[in-house]
Amino acid sequence: MRIILLGGPGAGKGTQSKILMKKYAIPQLSTGDMLRAAVTAGTEVGKKAQKIMKNGQLVSDAIVNQIVSERIDEEDCAQGFILDGYPRTVAQAEALQYILDKKHITLNAVIEIKVDESVLLKRMKKRVDDMRKMGGLVRSDDNPETFAKRMAEYKQKTLPLSTYYRKQGQLKEVSGMGDVAAVAGAIDVILEETAVRRK
Ligand code: AMP
């Protein structure tokens, strides 16, 4: 199963990816997590990405395309993967198509988790509060100012992806306004329909 999850910051892509990971025994490929790991490890990519991420902007397409292309070649992706936070621009979607074609891989589903902007902001604030209460590390881009920039980047650069995949007849939409189980249920229905159509 090869799935792309689309949605704004805090829409629930990460949470739903973890559920899908267990269900299908496939890895979650989160470019955000991979970039944060690179920042922590102090690699060349990490050094380039650090400031951009802290400012809520998007890292260059070339960097993320390469990271994803290499990651897909790893053994644990043989049965599939969930792309969480990638692609994020139409150029990345085009690059992904090229990468997949070269590897003779096809996607099963592109699912957009739709959540109102006001709810996304509330979720980000709650996430920060919860982290502080637990004594955890708050992400450096989880604050109202940077969140506003991430939202602006999302609207300008990532939302056009919905049109891109809709035109290709690949886009499926679910409401992300319900609780985690309700969203997971709606995603299940889509993936089961996709599987039936492929039989
Ligand atoms: P995320 O964890 O998906 O919210 O990503 C955190 C940050 O990592 C984003 O705000 C971007 O700076 C960067 N990032 C993650 N994925 C991508 C991507 N596909 N393209 C460009 N930048 C990305």
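See the structure printed just above.
Reference entry: report on the structure contained in this document.

1. Brief notes about the nonpolar core
Okay, so step 1: In terms of nonpolar packing, the biggest core is built from 29 residues, with Ile-4, Leu-35, Ile-72, Leu-83, Tyr-86, Leu-96 and Tyr-165 touching the most fellow members.
Okay, so step 2: Put simply, the parts of the chain that give this core at least two residues each are strand E1 (2-6), helix H2 (31-41), helix H3 (44-54), helix H4 (61-72), strand E3 (81-84), helix H5 (90-102) and helix H8 (160-167).
Okay, so step 3: Once residues lying within four places of it in the same chain are set aside, the contact partners of Leu-35 are Val-45, Ala-49, Met-53, Val-59, Ile-63, Val-64 and Ile-67.
Okay, so step 4: Ile-3, Leu-5, Met-151 and Ile-190 belong to the second-largest nonpolar core, a separate cluster that totals 21 residues.

2. Digging into the site of the ligand
Okay, so step 1: Around the ligand lies a shell of 16 residues, among which Thr-31, Arg-36, Gln-57, Gly-85 and Arg-88 are the nearest.
Okay, so step 2: In this structure, Val-59 approaches the ligand through a main-chain N or O atom, which is 3.0 Å from a nitrogen atom.
Okay, so step 3: Between the ligand and Gly-85, the relevant distance is 2.9 Å, taken from a nitrogen atom to a main-chain nitrogen or oxygen of the residue.
Okay, so step 4: Starting from 480 Å² of accessible surface for the ligand in isolation, the protein chains cover 95%.
Okay, so step 5: If you tally residues by element for the shell around the ligand, the top one is H2, at four residues.
Okay, so step 6: Looking at the shell around the ligand residue by residue, the classes come out as six nonpolar, five polar and five charged.

3. Some details on unusual backbone geometry
Negative phi values dominate among residues other than glycine, just as trans dominates among peptide bonds.
Okay, so step 1: Omega for the bond connecting Tyr-86 with Pro-87 falls within 30 degrees of zero, at -5°, which places this linkage in the cis form.
Okay, so step 2: One can find Pro-87 in the loop between E3 and H5.
Okay, so step 3: Even without being glycine, Ala-25 reaches a positive phi, approximately 55°.
Okay, so step 4: Within the element layout of this structure, Ala-25 appears in the loop between helix H1 (13-24) and strand E2 (28-30).
Okay, so step 5: Ala-25 gets classed as exposed once you look at its relative accessible area, which sits at 63%.
Okay, so step 6: Despite not being glycine, His-104 has its phi angle at roughly 55°, a positive value.
Okay, so step 7: Checked against the element boundaries, His-104 lands in the loop between H5 and strand E4 (109-114).

What counts and how
Residues numbered from 1 in each chain as written. Predicted model: local features only at pLDDT ≥ 70, side-chain atom pairs only at ≥ 80, totals over all residues. Heavy atoms only, no water. Core = buried A, V, L, I, M, F, W, Y, C linked by side-chain atoms within 4.5 Å. Buried < 20%, exposed > 50% of the residue type's maximum accessible area, 1.4 Å probe, protein only. Helix = DSSP H or I, 4+ residues; strand = E, 2+ residues; numbered from the N terminus. Contact = heavy atoms within 4.5 Å. Near = heavy atom within 4 Å. Polar contact = N/O pair within 3.5 Å; in protein donor to acceptor, adjacent residues only side chain to side chain. Areas by Shrake-Rupley, 256 points an atom, 1.4 Å probe, with all protein chains shown as cover. Nonpolar A, V, L, I, M, F, W, Y, C, P; charged D, E, K, R; others polar.

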